[in-house]
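Fold and geometry: a report
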Amino acid sequence: MNTTPMQSNMSDPLPAIVNPHLILPIPDGILPGKTEDIVLGIVCLLLAIAISASNLLLLTVLWRLRKRRLSTHLLVQSLAVLDLMVGVFVLPSMLTPLLTHRKVQFSETFCAISGVLTSVTVTGSVLMVMCLALDRWIAVRYPVRYPRISSRPRVLLMVSFVWVEAILFSVIPLIPPLGGYRYKETMCTCLKVVGDDKSSVFSVTSYTLCAALPLCVVMVAGVAIVVVLRRRPKLSSQLHRSGGHLLL
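Residues numbered from 1 in each chain as written. Predicted model: local features only at pLDDT ≥ 70, side-chain atom pairs only at ≥ 80, totals over all residues. Heavy atoms only, no water.

1. Some words on the pattern of salt bridges
Across all of its chains, the model carries one salt bridge by this definition. A salt bridge links arginine 136 to aspartate 135, with the shortest nitrogen-to-oxygen separation between them at 2.4 Å. Using a relative accessible area of 16% as the deciding quantity, one classes arginine 136 as buried. (Salt bridge = Lys/Arg side-chain N within 4 Å of Asp/Glu carboxyl O. Buried < 20%, exposed > 50% of the residue type's maximum accessible area, 1.4 Å probe, protein only.)

Written out as C-alpha coordinates, the structure is:
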(Lines give C-alpha, C1' and ligand atoms only; values in the text may rest on other atoms or scores of the structure.)
Protein backbone atom coordinates (compact mmCIF):
# COMPACT_ATOMS: atom_id res chain seq x y z
CA MET A 1 0.00 0.00 0.00
CA ASN A 2 1.45 3.36 -0.99
CA THR A 3 1.38 6.02 1.66
CA THR A 4 2.05 9.72 1.19
CA PRO A 5 2.65 12.21 4.00
CA MET A 6 -0.15 14.62 4.75
CA GLN A 7 0.49 18.14 3.50
CA SER A 8 -1.08 21.21 5.03
CA ASN A 9 -3.42 23.15 2.78
CA MET A 10 -3.76 26.87 3.37
CA SER A 11 -7.32 26.74 2.05
CA ASP A 12 -8.32 24.11 4.58
CA PRO A 13 -10.85 25.80 6.92
CA LEU A 14 -9.82 23.51 9.76
CA PRO A 15 -6.01 23.43 9.82
CA ALA A 16 -4.10 21.40 12.40
CA ILE A 17 -3.19 23.43 15.50
CA VAL A 18 -0.87 20.92 17.10
CA ASN A 19 2.80 20.17 16.78
CA PRO A 20 3.13 17.00 14.62
CA HIS A 21 5.60 15.59 17.17
CA LEU A 22 2.76 15.49 19.69
CA ILE A 23 0.73 13.07 17.57
CA LEU A 24 1.28 9.37 18.10
CA PRO A 25 1.85 7.42 14.85
CA ILE A 26 -1.14 5.46 13.54
CA PRO A 27 -1.14 2.57 11.07
CA ASP A 28 -2.96 3.14 7.80
CA GLY A 29 -6.55 1.99 7.56
CA ILE A 30 -7.22 2.13 11.30
CA LEU A 31 -9.25 5.36 11.41
CA PRO A 32 -13.02 4.99 10.99
CA GLY A 33 -14.99 6.76 8.28
CA LYS A 34 -16.70 10.11 8.54
CA THR A 35 -20.11 8.58 9.26
CA GLU A 36 -18.72 6.50 12.11
CA ASP A 37 -17.06 9.61 13.57
CA ILE A 38 -20.34 11.54 13.50
CA VAL A 39 -22.16 8.64 15.19
CA LEU A 40 -19.44 8.41 17.85
CA GLY A 41 -19.64 12.18 18.34
CA ILE A 42 -23.41 12.04 18.88
CA VAL A 43 -22.96 9.14 21.33
CA CYS A 44 -20.32 11.12 23.25
CA LEU A 45 -22.63 14.14 23.37
CA LEU A 46 -25.55 12.08 24.69
CA LEU A 47 -23.29 10.40 27.25
CA ALA A 48 -21.95 13.77 28.38
CA ILE A 49 -25.48 15.11 28.87
CA ALA A 50 -26.66 11.96 30.69
CA ILE A 51 -23.60 11.78 32.95
CA SER A 52 -23.74 15.48 33.80
CA ALA A 53 -27.48 15.48 34.49
CA SER A 54 -27.47 12.30 36.61
CA ASN A 55 -24.54 13.38 38.76
CA LEU A 56 -25.95 16.87 39.22
CA LEU A 57 -29.18 15.24 40.39
CA LEU A 58 -27.24 13.01 42.78
CA LEU A 59 -25.31 15.97 44.21
CA THR A 60 -28.58 17.86 44.65
CA VAL A 61 -30.12 14.96 46.57
CA LEU A 62 -27.06 14.65 48.79
CA TRP A 63 -27.16 18.39 49.45
CA ARG A 64 -30.80 18.16 50.55
CA LEU A 65 -29.85 15.31 52.90
CA ARG A 66 -26.95 17.23 54.43
CA LYS A 67 -28.62 17.41 57.87
CA ARG A 68 -28.60 13.61 58.20
CA ARG A 69 -25.45 13.06 56.14
CA LEU A 70 -23.58 9.84 56.77
CA SER A 71 -19.83 9.55 56.33
CA THR A 72 -20.48 7.40 53.24
CA HIS A 73 -22.13 10.38 51.57
CA LEU A 74 -18.74 12.09 51.39
CA LEU A 75 -17.39 9.23 49.29
CA VAL A 76 -20.44 9.24 47.04
CA GLN A 77 -20.20 13.02 46.68
CA SER A 78 -16.57 12.86 45.61
CA LEU A 79 -17.31 10.08 43.11
CA ALA A 80 -20.19 12.15 41.70
CA VAL A 81 -17.90 15.17 41.29
CA LEU A 82 -15.34 13.06 39.42
CA ASP A 83 -18.03 11.62 37.15
CA LEU A 84 -19.40 15.12 36.59
CA MET A 85 -15.94 16.21 35.42
CA VAL A 86 -16.06 13.41 32.84
CA GLY A 87 -19.38 14.71 31.49
CA VAL A 88 -18.36 18.37 31.53
CA PHE A 89 -14.70 18.28 30.46
CA VAL A 90 -13.49 14.90 29.20
CA LEU A 91 -16.24 13.79 26.79
CA PRO A 92 -16.84 17.27 25.28
CA SER A 93 -13.11 17.54 24.46
CA MET A 94 -13.56 14.51 22.16
CA LEU A 95 -16.45 16.04 20.21
CA THR A 96 -14.50 18.44 17.99
CA PRO A 97 -12.13 15.82 16.51
CA LEU A 98 -15.00 13.39 16.01
CA LEU A 99 -17.47 15.79 14.39
CA THR A 100 -14.77 17.21 12.07
CA HIS A 101 -13.37 13.78 11.14
CA ARG A 102 -10.19 14.49 13.14
CA LYS A 103 -9.16 17.51 11.06
CA VAL A 104 -8.77 19.59 14.23
CA GLN A 105 -6.25 18.44 16.78
CA PHE A 106 -5.24 19.74 20.16
CA SER A 107 -2.53 22.27 20.86
CA GLU A 108 0.27 21.32 23.25
CA THR A 109 -1.19 23.33 26.14
CA PHE A 110 -4.73 22.08 25.62
CA CYS A 111 -3.46 18.52 25.27
CA ALA A 112 -1.66 18.78 28.62
CA ILE A 113 -4.77 20.16 30.34
CA SER A 114 -7.06 17.58 28.73
CA GLY A 115 -4.68 14.75 29.55
CA VAL A 116 -4.41 15.78 33.20
CA LEU A 117 -8.19 16.12 33.58
CA THR A 118 -8.79 12.75 31.96
CA SER A 119 -6.18 11.09 34.15
CA VAL A 120 -7.52 12.72 37.34
CA THR A 121 -11.09 11.65 36.66
CA VAL A 122 -10.22 8.07 35.72
CA THR A 123 -7.69 7.57 38.53
CA GLY A 124 -9.87 9.30 41.11
CA SER A 125 -12.96 7.30 40.15
CA VAL A 126 -11.14 3.97 40.48
CA LEU A 127 -9.67 4.92 43.86
CA MET A 128 -13.00 6.26 45.11
CA VAL A 129 -14.79 3.04 44.13
CA MET A 130 -12.12 1.17 46.11
CA CYS A 131 -12.82 3.37 49.16
CA LEU A 132 -16.57 2.76 48.82
CA ALA A 133 -15.99 -0.99 48.61
CA LEU A 134 -13.86 -0.93 51.77
CA ASP A 135 -16.46 1.23 53.52
CA ARG A 136 -19.24 -1.24 52.65
CA TRP A 137 -17.11 -4.16 53.82
CA ILE A 138 -16.50 -2.47 57.17
CA ALA A 139 -20.23 -1.77 57.51
CA VAL A 140 -21.05 -5.44 56.92
CA ARG A 141 -18.18 -6.97 58.86
CA TYR A 142 -18.24 -4.64 61.87
CA PRO A 143 -21.79 -3.20 62.00
CA VAL A 144 -21.63 -2.17 65.66
CA ARG A 145 -18.25 -0.45 65.41
CA TYR A 146 -18.86 0.96 61.93
CA PRO A 147 -19.86 4.51 63.03
CA ARG A 148 -16.66 4.77 65.04
CA ILE A 149 -14.36 3.17 62.46
CA SER A 150 -15.79 5.09 59.51
CA SER A 151 -15.98 8.44 61.27
CA ARG A 152 -16.28 11.69 59.36
CA PRO A 153 -12.66 12.82 59.99
CA ARG A 154 -11.32 9.48 58.74
CA VAL A 155 -13.49 9.57 55.63
CA LEU A 156 -12.39 13.15 54.94
CA LEU A 157 -8.78 12.00 55.23
CA MET A 158 -9.51 9.13 52.82
CA VAL A 159 -11.15 11.45 50.29
CA SER A 160 -8.24 13.90 50.54
CA PHE A 161 -5.77 11.08 49.94
CA VAL A 162 -7.65 9.97 46.82
CA TRP A 163 -7.65 13.47 45.32
CA VAL A 164 -3.99 14.06 46.15
CA GLU A 165 -2.93 10.72 44.64
CA ALA A 166 -5.04 11.24 41.51
CA ILE A 167 -3.69 14.76 40.92
CA LEU A 168 -0.11 13.75 41.73
CA PHE A 169 0.00 10.80 39.32
CA SER A 170 -1.66 12.95 36.64
CA VAL A 171 0.68 15.94 36.92
CA ILE A 172 3.98 14.06 37.25
CA PRO A 173 3.94 12.97 33.55
CA LEU A 174 4.27 16.67 32.62
CA ILE A 175 7.88 16.57 33.84
CA PRO A 176 9.96 16.62 30.60
CA PRO A 177 11.89 13.33 31.09
CA LEU A 178 8.60 11.42 31.40
CA GLY A 179 7.19 12.41 28.01
CA GLY A 180 3.99 14.20 29.00
CA TYR A 181 0.72 13.72 27.11
CA ARG A 182 0.25 13.29 23.37
CA TYR A 183 -2.81 13.40 21.17
CA LYS A 184 -3.85 9.93 20.01
CA GLU A 185 -5.94 10.28 16.90
CA THR A 186 -7.67 6.90 17.17
CA MET A 187 -8.90 7.79 20.69
CA CYS A 188 -9.55 11.50 19.97
CA THR A 189 -7.93 12.37 23.27
CA CYS A 190 -4.54 12.93 24.89
CA LEU A 191 -2.85 10.01 26.64
CA LYS A 192 0.34 9.49 28.61
CA VAL A 193 3.42 8.80 26.56
CA VAL A 194 5.54 5.74 27.36
CA GLY A 195 9.01 6.19 25.95
CA ASP A 196 12.29 5.73 27.79
CA ASP A 197 13.00 3.63 30.87
CA LYS A 198 11.98 6.38 33.29
CA SER A 199 8.55 6.84 31.76
CA SER A 200 8.08 3.06 31.54
CA VAL A 201 8.85 2.62 35.24
CA PHE A 202 6.49 5.46 36.13
CA SER A 203 3.72 4.03 33.93
CA VAL A 204 3.99 0.58 35.53
CA THR A 205 3.99 2.15 39.01
CA SER A 206 1.00 4.39 38.31
CA TYR A 207 -1.05 1.62 36.68
CA THR A 208 -0.28 -0.70 39.60
CA LEU A 209 -1.15 1.79 42.35
CA CYS A 210 -4.01 3.59 40.58
CA ALA A 211 -5.68 0.79 38.63
CA ALA A 212 -4.62 -2.82 39.23
CA LEU A 213 -4.38 -2.70 43.03
CA PRO A 214 -7.64 -0.74 43.58
CA LEU A 215 -9.57 -3.06 41.26
CA CYS A 216 -8.20 -6.10 43.11
CA VAL A 217 -9.29 -4.55 46.42
CA VAL A 218 -12.78 -3.93 45.01
CA MET A 219 -13.12 -7.55 43.90
CA VAL A 220 -11.81 -8.94 47.20
CA ALA A 221 -14.11 -6.63 49.20
CA GLY A 222 -17.09 -7.69 47.10
CA VAL A 223 -16.38 -11.36 47.68
CA ALA A 224 -15.85 -10.72 51.40
CA ILE A 225 -19.21 -8.92 51.65
CA VAL A 226 -20.99 -11.84 49.98
CA VAL A 227 -19.30 -14.32 52.32
CA VAL A 228 -20.24 -12.35 55.43
CA LEU A 229 -23.85 -11.90 54.35
CA ARG A 230 -24.18 -15.61 53.58
CA ARG A 231 -22.91 -16.48 57.04
CA ARG A 232 -25.32 -14.04 58.62
CA PRO A 233 -28.40 -13.91 56.36
CA LYS A 234 -30.41 -11.75 58.74
CA LEU A 235 -27.70 -9.13 59.14
CA SER A 236 -29.02 -6.71 56.54
CA SER A 237 -32.58 -6.60 57.88
CA GLN A 238 -31.37 -6.30 61.48
CA LEU A 239 -29.10 -3.38 60.63
CA HIS A 240 -31.85 -1.72 58.64
CA ARG A 241 -34.21 -1.84 61.61
CA SER A 242 -31.53 -0.69 64.04
CA GLY A 243 -30.24 2.28 62.08
CA GLY A 244 -29.53 1.43 58.47
CA HIS A 245 -25.76 1.77 58.43
CA LEU A 246 -25.64 -0.46 55.36
CA LEU A 247 -27.71 2.01 53.41
CA LEU A 248 -26.51 5.22 51.87
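Picking up after the structure, the text goes on.
2. Description of the pairing of strand 2 (residues 189-192)
Examined bridge by bridge, strand 1 (residues 181-184) and strand 2 share four bridges and lie antiparallel to one another. Its bridge partner being in strand 2, tyrosine 181 is matched across the sheet by lysine 192. Hairpin remark: strand 1 followed by strand 2, antiparallel, with four residues in the connecting loop; positive phi at cysteine 188, about 55°. (Pairing = 2+ DSSP bridges. Helix = DSSP H or I, 4+ residues; strand = E, 2+ residues; numbered from the N terminus.)

3. Some thoughts on the side chain of serine 93
Here serine 93 is to be found in helix 2 (residues 71-93). According to the relative accessible area criterion, serine 93 is buried, its value standing at 9%. For serine 93, the side chain forms a polar contact with the main-chain oxygen of valine 90, separated by 2.5 Å. Apart from the residues lying within four places of it in its own chain, the contact partners of serine 93 are Phe106, Phe110, Ser114 and Cys188. (Polar contact = N/O pair within 3.5 Å; in protein donor to acceptor, adjacent residues only side chain to side chain. Contact = heavy atoms within 4.5 Å.)

4. With respect to the packing of helix 2 against helix 6 (residues 152-171)
Any two packed helices are characterised by how steeply their axes cross, that is the angle between the axes, and by the distance between the axes. Their axes nearest at 8 Å, the elements helix 2 and helix 6 cross at an angle of 20°. On the basis of their axis angle, the class for helix 2 and helix 6 is roughly parallel. Once helix 2 is placed against helix 6, the crossing between them reads as right-handed. Only Arg152, Val155, Leu156, Met158, Val159 and Trp163 of helix 6 make contact with helix 2, whose side of the interface consists of Ser71, Leu74, Leu75, Ser78, Val81, Leu82 and Met85. Here the contact of helix 2 with helix 6 is composed, by residue class, of 10 nonpolar, two polar and one charged. (Axes fitted to C-alpha atoms, helices over the stretch in contact; angles between N-to-C directions. Parallel < 35°, antiparallel > 145°, perpendicular 65-115°, else oblique. Left-handed = near helix turned anticlockwise from the far one by under 90°. Nonpolar A, V, L, I, M, F, W, Y, C, P; charged D, E, K, R; others polar.)

5. Some points on the nonpolar core
One finds Cys44, Leu75, Cys111, Val120, Met128, Tyr183 and Cys190 to be the most contacted residues of the largest nonpolar core, which totals 30 residues. Put simply, the parts of the chain that give this core at least two residues each are helix 1 (34-64), helix 2, helix 3 (95-99), helix 4 (108-141), helix 6 and strand 1. (Core = buried A, V, L, I, M, F, W, Y, C linked by side-chain atoms within 4.5 Å.)

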